Protein chains: 2
Amino acid sequence: MPKVDQEHLDARRAQIVDAARVRFAAQGFAGTSMGDIVAESGLSTGAIYRYFAGKDELVLAVCEQGAEAFPQALTAEAIAAFVADVRRRAAQGHARLVAQIYAEAALNPALGAVVARRLAELRDAVEALGLSRSAAEAFVAVCVGYSAQLAVRGDVDPAPVVAALLAVVRG
Amino acid sequence: MPKVDQEHLDARRAQIVDAARVRFAAQGFAGTSMGDIVAESGLSTGAIYRYFAGKDELVLAVCEQGAEAFPQALTAEAIAAFVADVRRRAAQGHARLVAQIYAEAALNPALGAVVARRLAELRDAVEALGLSRSAAEAFVAVCVGYSAQLAVRGDVDPAPVVAALLAVVRG
C-alpha cells in the first residue's frame, strides 16, 4: 500500500480511538454506544465500521493504546515531573478512563491480559532506571493508586505520592 | 419497633446487599439486573423491592457497606497481616468489586463522595496510628494500587507492597 494511504488510514483510525476514549471516560464502556462514538468522531457510521466491527474492538484498542507516562529518571525532580504529568492527564479525563479500563479488565480476561502487560511495561521501565524488581512493583502500585484516587476524588495533592515514590526508590 | 423485628429487617437487608455484591463483582454494575440479584439472594422480587427501589440504591448500599480492612499497627508484622487480609479478600472477589466501584464513582459524583469518604476514613485510621497526614495519604495510595492490581492481575506478590508501606511508614 502506498505510504500516504497507510498514513491516512492510521490517522483516521486514531481519530476514532480518540473519540471512543473521550466518550468512554465520560460515560463508561457500558454507557457508551457506537452511535455516541460516531457522533463524537464527526465521521460517518460507515467509516467507523470500516475500522472496527463493534464496541468490543474499540474497547480493546483504547486499552492497548494507553500512552501512559513513564518516569525519565529516579531523581526527586524527575519523579515530581512524572507525577505532575499523571495529574495533568487526569484533569483531561485520563484517570476516569483508566478506572473504566480497570473495571472492565477485572471482568474480561482478554482485557485483563492487555492491562497486565501494560503494567509490566511500566514496571520494566522503572526497573531499567536502576530499581530492584520488587521496588519497581511497589513503584507501579503507588502510581496505580494515585490514578485511581484522581479518578474518584477529582484532584489529589501530589506531594505525598512523590514522597512515597521517593521512599520506595530509597528502599 | 420491637428489637427482634428490626434485627430481622437488618438481616434481610444485609442478605440482599451481599447478593448484590456477589453479582456486581462478577458482572459489573451495568451487567447486573435486579433479576440477577433476586436470583442470587434466593428471596422474592417483592421482598427485594421492599428494601431497595432499584439498582441505583443497591449500588450505593454496596459502596457504603465497604467493610474495608484497616491495619492494626504500623509494625512490619501488622502491615504484612493487613496486606495478607487485602489479598485474601481479593481472592473472594472483593478487589473486582472495588474496581467496579471506582469506575462507577469516577462517573457519578454521589458515589464519588461516598468513596472519597471511605478513603478518608482509611487515611484517618492510619494517621491515628502515628503517621503524618502526608504519609497516611501515601499509605492509602499504595493500598488502592495493590487492590486495583489484584483486580486485574488475579494475584500479585504482596512482598513489594509490604516493603512499600514500610518505606512510607519510615519516611
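Values in this document were obtained by computation on a predicted structure and should not be read as measured data. (Residues numbered from 1 in each chain as written. Chains lettered and ligands numbered in written order. Predicted model: local features only at pLDDT ≥ 70, side-chain atom pairs only at ≥ 80, totals over all residues. Heavy atoms only, no water.)

Engineer: I'd like a description of the overall build of chain A, backed by residues and values.
Structural biologist: Scanning chain A from terminus to terminus reveals nine helices and zero strands. Helices (α) and strands (β) of chain A occur, in sequence order from the N terminus, as α-α-α-α-α-α-α-α-α. Dimensions of chain A, computed from the C-alpha atoms along their principal axes, are close to 55 × 40 × 30 Å. Within chain A, the fraction of its 171 residues that count as buried is 49%. Carbon and sulfur atoms make up 54% of the accessible area of chain A, which totals about 7700 Å². With 17 positive and 19 negative side-chain charges, chain A shows a separation of 2 Å between the mean positions of the two kinds. (Helix = DSSP H or I, 4+ residues; strand = E, 2+ residues; numbered from the N terminus. Buried < 20%, exposed > 50% of the residue type's maximum accessible area, 1.4 Å probe, protein only. Areas by Shrake-Rupley, 256 points an atom, 1.4 Å probe, with all protein chains shown as cover. Lys, Arg positive; Asp, Glu negative; His and termini not counted. Charge placed at Lys NZ, Arg CZ, Asp CG, Glu CD.)

Engineer: Lay out the interface of chain A and chain B in plain terms, naming residues and giving numbers.
Structural biologist: Across the contact, 36 residues belong to chain A and 36 residues belong to chain B. Around 2700 Å² of area is buried between chain A and chain B when both sides are counted, 72% of it from carbon and sulfur atoms. Three residues stand out in chain A for area buried against chain B, namely L107, Q149 and V152 of chain A, and they jointly supply 20% of the buried area on that side. Along the contact surface separating chain A from chain B lie two salt bridges. For E137 of chain B, the salt bridge identified is with R153 of chain A, shortest N-O distance 3.2 Å. At the boundary of chain A with chain B, the tally comes to four residue pairs in polar contact (both at pLDDT 80 or more). When contributions to the side of chain A that touches chain B are tallied by element, the ones reaching two or more residues are α1 (3-27), α6 (94-107), α7 (109-128), α8 (133-153) and α9 (159-170) of chain A. At 14 residues, α8 of chain A tops the list of elements feeding residues into the side of chain A that touches chain B. (Contact = heavy atoms within 4.5 Å. Buried area = accessible area lost by both parts, 1.4 Å probe. Salt bridge = Lys/Arg side-chain N within 4 Å of Asp/Glu carboxyl O. Polar contact = N/O pair within 3.5 Å; in protein donor to acceptor, adjacent residues only side chain to side chain.)

Engineer: Please set out helix α7 (residues 109-128) of chain B residue by residue, giving values where relevant.
Structural biologist: Residue and element names in this part refer to chain B. Its 20 residues give α7 an end-to-end C-alpha distance of 28 Å, which sits within 8% of 28 Å, the value for a rise of 1.5 Å per residue. What α7 keeps buried is the set L111, G112, V114, V115, L119, L122, R123 and V126. For α7, the capping residue at the N-terminal end is N108, with a side-chain oxygen 2.9 Å from the backbone nitrogen of A110. Two residues or fewer after α7 comes G130, characterised by a positive phi angle close to 125°. (Expected span 1.5 Å × (residues − 1).)

Engineer: An account of the nonpolar core is requested, with residue identities and associated values reported.
Structural biologist: Ranked by size, the top nonpolar core spans 121 residues in total, and within it F139 of chain A together with F139 of chain B carry the most contacts. Ignoring sequence-local partners within four residues, the contact set of F139 of chain B consists of P71, L74, I79, F82, V126, L131, L165, V168 and V169 of chain B. (Core = buried A, V, L, I, M, F, W, Y, C linked by side-chain atoms within 4.5 Å.)

Engineer: Tell me about the relation of the copies chain A and chain B, and name the residues and values.
Structural biologist: Least-squares fitting of chain A to chain B yields an RMSD of 0.0 Å, with the transformation described by 0.0 Å of translation along the axis and a rotation of 180°. These values place the two chain copies in the arrangement generated by a two-fold rotation axis. For chain A, the residue whose C-alpha comes nearest the rotation axis is G145 of chain A, separated from it by 1.8 Å. Mapped onto chain B, 100% of the interface residues of chain A are again interface residues, and the two copies thus contact each other with one and the same surface. (Least-squares fit on C-alpha atoms with pLDDT ≥ 70 in both.)

Engineer: An account of the environment of D85 of chain A is requested, with residue identities and associated values reported.
Structural biologist: Note that D85 of chain A resides in helix α5 (residues 76-91). With 80 residues separating them along the chain, D85 of chain A and D5 of chain A place their C-alpha atoms 34 Å apart.

Engineer: Please give an account of the side chain of T32 of chain B that cites residues and values.
Structural biologist: Residue and element names in this part refer to chain B. Its location among the elements puts T32 in the loop between α1 (3-27) and α2 (34-41). Accessibility expressed as a relative area gives 2% for T32, which makes it buried. Within the structure, T32 has its side chain in polar contact with the backbone oxygen of R23 (distance 3.4 Å). Contact partners of T32, with chain neighbours within four places excluded, come to R23, F24, Q27, I37 and K55.

Engineer: Describe the packing of α1 of chain B against helix α4 (residues 55-64) of chain B, with residues and values.
Structural biologist: Helix-helix packing: each pair is described by the crossing angle between the helix axes and the interaxial distance. Residues and elements named next belong to chain B. Running from N to C, α1 and α4 point in directions that differ by 90°, and their axes come no closer than 10 Å. Between α1 and α4, the crossing angle belongs to the class labelled roughly perpendicular. In this structure, α1 contributes R13, I16, V17, A20, R21 and F24 to the contact, and α4 contributes K55, L58, V59, A61 and V62. Residues that form the contact of α1 with α4 fall into these classes: eight nonpolar, no polar and three charged. (Axes fitted to C-alpha atoms, helices over the stretch in contact; angles between N-to-C directions. Parallel < 35°, antiparallel > 145°, perpendicular 65-115°, else oblique. Nonpolar A, V, L, I, M, F, W, Y, C, P; charged D, E, K, R; others polar.)

Engineer: An account of the packing of α8 of chain A against helix α8 (residues 133-153) of chain B is needed here, citing residue identities and associated values.
Structural biologist: Their axes nearest at 6 Å, the elements α8 of chain A and α8 of chain B cross at an angle of 95°. In terms of orientation, α8 of chain A and α8 of chain B fall into the roughly perpendicular class. For the pair α8 of chain A and α8 of chain B, contact is made by E137, V140, A141, V142, V144, G145, Y146, A148, Q149 and R153 of chain A and by E137, V140, A141, V142, V144, G145, Y146, A148, Q149 and R153 of chain B, respectively. A class-by-class count of the residues in the contact of α8 of chain A with α8 of chain B yields twelve nonpolar, four polar and four charged.

Engineer: Kindly report on the pattern of salt bridges, identifying the contributing residues and their values.
Structural biologist: What the rule picks out here adds up to 20 salt bridges over all chains. Across the pair D124 of chain A and R123 of chain A runs a salt bridge, and its minimum N-O distance is 3.1 Å. Residue R123 of chain B pairs with E137 of chain B through a salt bridge whose shortest N-O separation is 3.2 Å. Note that R123 of chain B is positioned in helix α7 and E137 of chain B in helix α8, a separation of 14 residues in sequence. What makes E137 of chain B buried here is its relative accessible area of 13%. Overlapping salt bridges, with partners in common, bring together R123, D124 and E137 of chain A together with R153 of chain B in one network.

Just distances and angles here, no functional claims.
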